[in-house]
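Here are the chains, one letter per residue:
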Amino acid sequence: MNFSMFFTKRKAWQRPLYSLLCMMCCCSLAFGQISGRVTDEAGEAVIGASVREKGTSNAAATDVDGKFSLNVKTGAILEVSFIGYEKAEVKVDGRSFYEIILSQDQTALEELVVIGYGTVKKKDLTGAVSVINTQALRDRNSKDIVSSLQGLASGVTVTSSGLPGQQASVRIRGLGSLTNNNPLFIVDGMIGGEAHLNPADVESIQVLKDASAAAIYGSRAANGVIIITTKKGQEGPMKVQFDANLSITDLPRYDLMDAATWKKYDDMAYDEAIRSGVAGVVRRQNHFDGNTDWQDEMLSTGVLQNYNLAFSGGSKSGKYFVAFNRMEDKGALYSTGYDRYGFRVNTSGQKGIFSYGENISFTRTNRKNLNGNPWANFIGISPTIPVRDENNPGGYGYGNPDRANNYGLNMVAMQDLRPQDNPENILKSNVFGQVVLFKDLTAKTNLAYTWYHGVTNTLRKTGNWTMGQGSDAAYLGYESYRSDDFLVEQTFNYKKQVGKHDIDAVAGATYNTFKGFTNWITKLNPLMVGDDYITSLDAATGNTSAGGSYQQARIMSYLGRINYSYDDKYLFQFTLRRDGTSRLPESTRWGNFASYSGAWRISKESFFQVPFISDLKIRASHGTLGNSSIGYWDYQAVINTAPRAVFGSPEIRVLGMTQSRLTNTDLVWERKTTTNVGFDAAFLNNKLTLSAEYFDAKSKDLLVYLPILMSSGNEGGNPAVNAGSLSNKGVEIDLGWRDQLTPDFQYSASLNLTKVKNKVLDLGYGRVEYFESLSKAEIGQPLGAFYLYKMLGIFQNEAEIQNYKNAAGKVIQPNARPGDIKYDDYNGDGIISSEDRQLVGNPWPKFELGLNLGASYKSFDLSINGYGRFGQDVWNGAAAAAGDFANNQNNFNGIVPWTAENPVNDRPRIVFGDSRNSRGDQDRWLEKGSFFRVSQIALGYSLPQKWVGTLGLDQVRAGVTLQNMLTFTKYSGLDPEFRDSGIFTIGADHMSFPNPRSVMFSLSLSF
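About the criteria used
- Residues numbered from 1 in each chain as written.
- Predicted model: local features only at pLDDT ≥ 70, side-chain atom pairs only at ≥ 80, totals over all residues.
- Heavy atoms only, no water.
- UniProt positions renumbered as here; feature names shortened; annotations may be inferred.
- Helix = DSSP H or I, 4+ residues; strand = E, 2+ residues; numbered from the N terminus.
- Salt bridge = Lys/Arg side-chain N within 4 Å of Asp/Glu carboxyl O.
- Buried < 20%, exposed > 50% of the residue type's maximum accessible area, 1.4 Å probe, protein only.
- Core = buried A, V, L, I, M, F, W, Y, C linked by side-chain atoms within 4.5 Å.
- Contact = heavy atoms within 4.5 Å.
- Domains from an automatic or database assignment.
- Pairing = 2+ DSSP bridges.
- Axes fitted to C-alpha atoms, helices over the stretch in contact; angles between N-to-C directions.
- Polar contact = N/O pair within 3.5 Å; in protein donor to acceptor, adjacent residues only side chain to side chain.
- Expected span 1.5 Å × (residues − 1).
- Patch = residues over 30% accessible without salt bridge, like charges linked within 9 Å, V, L, I, M, F, W, Y side chains within 5 Å.
- Areas by Shrake-Rupley, 256 points an atom, 1.4 Å probe, with all protein chains shown as cover.
- Lys, Arg positive; Asp, Glu negative; His and termini not counted.
- Charge placed at Lys NZ, Arg CZ, Asp CG, Glu CD.
- Phe/Tyr/Trp six-rings, centres within 6.5 Å; stacked < 30°, edge-to-face > 60°.

- Looking at an unreviewed UniProt entry, one finds the chain named TonB-dependent receptor plug, with Leadbetterella byssophila as its source organism.
- Check the Sequence similarities (unreviewed entry) section of the UniProt entry for the chain; it says "Belongs to the TonB-dependent receptor family."
- The record in UniProt for the chain states the following under Subcellular location (unreviewed entry): "Cell outer membrane".

## Here we look at unusual backbone geometry
- Of the consecutive residues S649 and P650, the connecting peptide bond is found in the cis state with omega at 5°.
- Note on placement: P650 falls in the loop between β33 (644-647) and β34 (652-655).

## Focus: the pattern of salt bridges
- Scanning the entire structure with this criterion turns up 47 salt bridges.
- Among the salt bridges present, the one from D579 reaches R577, with a minimum N-O distance of 2.8 Å. Across the pair, R577 and D579 agree in class, each one buried.
- A salt bridge links K698 to D696, with the nearest nitrogen and oxygen atoms 3.2 Å apart.
- For K698, a relative accessible area of 38% puts it in the partly exposed group.
- A residue is classified by how much of its surface remains accessible, and D696, at 18% relative accessible area, is buried.

## Points about the nonpolar core
- In terms of nonpolar packing, the biggest core is built from 42 residues, with Y254, W294, W375, F378, I379, F885 and F892 touching the most fellow members.
- Only α5 (259-276), α6 (294-298), α7 (374-380), α8 (411-417) and α10 (877-882) provide two or more residues apiece to this core.
- In contact with F892, other than residues within four places in its own chain, are Y254, D255, L256, M257, I379, A878, A879 and A882.
- L149, A153, V170 and I226 belong to the second largest nonpolar core, which has 21 residues in total.

## A word on the domain arrangement of the chain
- Domains assigned within the chain are domain 1 (31-105) and domain 2 (108-234).
- Taking the mean C-alpha position of each, domain 1 and domain 2 sit 40 Å from one another.

## Here's the deal with the sheet that holds strand β44 (residues 785-788)
- Pairing is antiparallel across the open sheet formed by four strands, whose spatial order is β42-β43-β44-β47. Where the open sheet ends on each side, the last strands, each with one partner, are β42 (769-771) and β47 (838-841). Ignoring which end each strand starts from, the neighbouring axes of this sheet average 45° apart.
- Bridge analysis of β44 against β47 gives three bridges, and the strand direction is antiparallel. Counted as the bridge partner of Y787 is L839 from β47.

## Concerning the sheet that holds strand β50 (residues 873-876)
- An order of β51-β50-β54 is seen for the three strands of this open sheet, with the pairing classed as mixed. Sheet topology places β51 (926-928) and β54 (988-989) at the edges, where each strand pairs with a single neighbour.
- Pairing of β50 with β54 involves two bridges; the strand directions are parallel. Following the sheet pairing, N876 is matched in β54 by D989.

## Regarding the environment of L447
- Among the secondary structure elements, L447 is positioned in strand β23 (residues 441-460).
- For L447, a relative accessible area of 41% puts it in the partly exposed group.
- The spacing of L447 and M257 is 190 residues in sequence and 60 Å in space, taken between C-alpha atoms.

## Concerning the side chain of N181
- Mapped onto the secondary structure, N181 falls in the loop between β12 (169-172) and β13 (184-187).
- Given a relative accessible area of 8%, N181 falls into the buried group.
- A polar side-chain atom of N181 sits 2.9 Å from the main-chain amide nitrogen of G176.
- Polar contacts involving the side chain of N181 include one to the main-chain carbonyl oxygen of S177, which spans 2.9 Å.

## Topic: α5
- The terminal C-alpha atoms of α5, which comprises 18 residues, lie 25 Å apart, in line with the 26 Å expected from a rise of 1.5 Å per residue.
- Among all positions of α5, only A259, W262, Y265, D266, D267, A269, Y270, E272 and A273 are buried.
- With its phi angle positive at about 75°, G277 sits one or two positions after the end of α5.

## Concerning a positive patch on the surface
- Together, K729, K755, K757, K759 and K846 give the surface a local cluster of positive charge.
- As for its placement among the helices and strands, K759 is situated in strand β41 (residues 745-762).
- For K759, a relative accessible area of 32% puts it in the partly exposed group.

## A word on the pairing of strand β17 (residues 236-250)
- Alignment of β17 against strand β18 (residues 302-315), held across 12 bridges, turns out to be antiparallel. Its bridge partner lying in β18, F242 is registered against L309.
- Looking at chain direction, β17 and strand β55 (residues 997-1006) are connected through 10 bridges and run antiparallel. Residue pairing for β55: L246 is matched across the bridge by F1001.

## What about the environment of S471?
- Inspection of the secondary structure puts S471 in the loop between β23 and β24 (475-498).
- With relative accessibility at 76%, the residue S471 sits in the exposed group.

## A closer look at the packing of aromatic side chains
- By the definition in use, this model includes 28 aromatic pairs.
- On the numbers, 6.4 Å between centres and 15° between planes, the contact of F612 with F683 is stacked. Highlighted residues: F612 in the loop between β30 (590-601) and β31 (613-627) and F683 in strand β36 (residues 670-683), separated in sequence by 71 residues.
- Looking at F612, the relative accessible area reads 47%, which means it is partly exposed.
- Taken together, a centroid distance of 4.7 Å and an interplanar angle of 50° make the contact between F860 and Y941 tilted. Here F860 is found in strand β49 (residues 860-870), whereas its partner Y941 is found in strand β52 (residues 931-942), with 81 residues between them in sequence.
- By relative accessible area, which is 43% here, F860 ends up partly exposed.

Listed below in structure tokens is the structure:
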């Protein structure tokens, strides 16, 4: 039938009706309900899979049978996705029912992991390697890349600080050395540079924890290796990424007494001193009238701004990534701050058999330094002392023998009278070229250069900040440090696959040379114009002192590694590295470091038919690493030209020479041998992942500076020796889960657990113990075990004092008074002495935990991160410093000291001038340090694509992050997470700079 003729014969009123009918018919042809079923490769239903019409919000989810229904138009594209499977696209071609099969997603397993001079698929790892999810770094308010690793990997302990410009510390699998426990950082093939690295430039991070993974770096890898790769350009048109962050920070505070409360307790302390006959104390203090809250004077709201702008793109022959960074941290502490400017240019390309590239970054920072420790000074100075006092030199308040007999430091005066800034410049660059020599053999040359120049400028103005300081002359100080680091690497890589056999081998040589130069000058009496100092050294008219030093080190290495795989089931690796260092004597400077490892992928075996296990691999490794972290010339005798003598007639002064420091020409490599066994498993189409490790690491021939008697003739410092052995055993578990409940909602969770047991095996030279002020290293005990006097209670009356006797009937503390501490006479000799200290606490956590949660719903995303340490003892330095008013220091609100009217048994009497009860080396200051901190809660919103597209952008996201807002702990100090003060005092909180709380607002856009 001729439809047009039929239509023209209708009456006029009928034509609109037929037009409507035709439109409805067309719509019924264009839109309709389709249905289908989504299954996996085994034919099992995929429940909860998202079926979405591409480019729209029109979507449905599969039911318990994997079935779905959806209204779509003919010709539309269906996007079918579910976590653990590869995304599928199906065109609607007029059918009413669709059978859709999803293939298992192997992306995570096929991901390439950088392992040093090469890469390997993540699923083929045979050693202990943690791959950091760098997406988790996006919302972290981290000024440096190290602190951003916190809680993201098992076996990696990160401790950060709130001090602007101070880098977090990191340890991998405990402490294995007595000199240096910092891991080796490799950034784009260059050694070091993590301190000035912009986290926004980072593409991937791998942590090599055992000997088989790290042995390719030999003598530098004993403390683990962290390999960082920065972003590279991708083929395609230019992409622009802009990120802006604004953070508001606040530091925690002590709950200290105000002046009125403090005077009450201070008067009690003086009254008790008078009653006890403390020498020189005959009356109370004539207190100052001030009421100074020193925390208010020093602390304020900090503001941190961080901006990043990046350009990337290119073609196969030339790709680029260019980034700029500006960060300004106006610290929450008076007269402190940190600025950073940086840029990065990474390029790469390929032409025929040649590939090439370079990485260049330049960073300039400036830090306004902090004088002293304000967290100690908040306690140490009396609240009655005014901030300013025109009667004192410089015009600042401090102690007075009659009105505030206190040596506390005026922190405001210290910052004003001694301003110091620390500008730094660092250039890191490398250029590499690779050529395909044969089909399976390539050669690569890498040349790297690092230049650093740092300056410390100091102006010391006239004036004092503490009682009894004396009249220090004004001066200008200038200290400069410059270093040059050259690295040359030549490697050859062979890759060959024959049938089921897969070989990947690398061999090469490296040469690294380092030079450092230090120069300093101090000049007295800088000129002034009015009240302002002229800070040019030429303008100072007083005496000048100057000096300098020079460092140089070289290391030559040969390396090789073979990876072999058979049928993707049996994997083996052997690594060998030979290092020679100029830091050791010529006869012992060369060392060989080897490792081997193997893995068995059971899930590939024909007999292994467990449907819910996607992948299962067991592995084991063993190897030795080295360490030579000592001075540049510790094995060489040095002549000191300080001695002078007068001879002859007429008398003349003669220059003398002497060897002031003994040396050890038998120094050898410190060695660490590690055995590691573990397994990796994936379940439910990779939705659930589990990795577990057990490691046993022993370090021997530890390099340490051994104290010896000055009567031996040694006056120039302790000589370096090989002495001692340490053991670190532990377990690591990493558990991950990811799932998608609806087309618009997906979530993930990961948990990592670490348990490390540290033990001293040997202290060398026949020693069985080594003492520090708070700790003792003893064979069979952990490093840093607390070695303190034990408090048994408080003497309530004179009878208790007289009845406290040893087995021989001797009164142990005859000079004590009621209200004094009763100490344990540990050795039973009837005298409280240093021999009565005992092991009373363990600073090592029983286990550490990291928890990371994530979820997204439509345009919203949420992440929650936390970490904790459990079971460790902590020495509370703030509580010890406050003590019992022995030095007129401030104290905490709510203390209840012993009095005759209130005879408590946990806190002694307060008495000025008598420190027997407030000594720092007693277990009264030990606390349980367990904590769990919710370090980050981040909420983000991405604008819908239909809105973003109208703006000509690819992506716009805004977010807010809460950092360190929740901490669960019974520790009474400011922060249970603190930077420890050394190897032997790892659990001592010496009033460390606490971590700030912050709120960060962020904006990201790309086009």
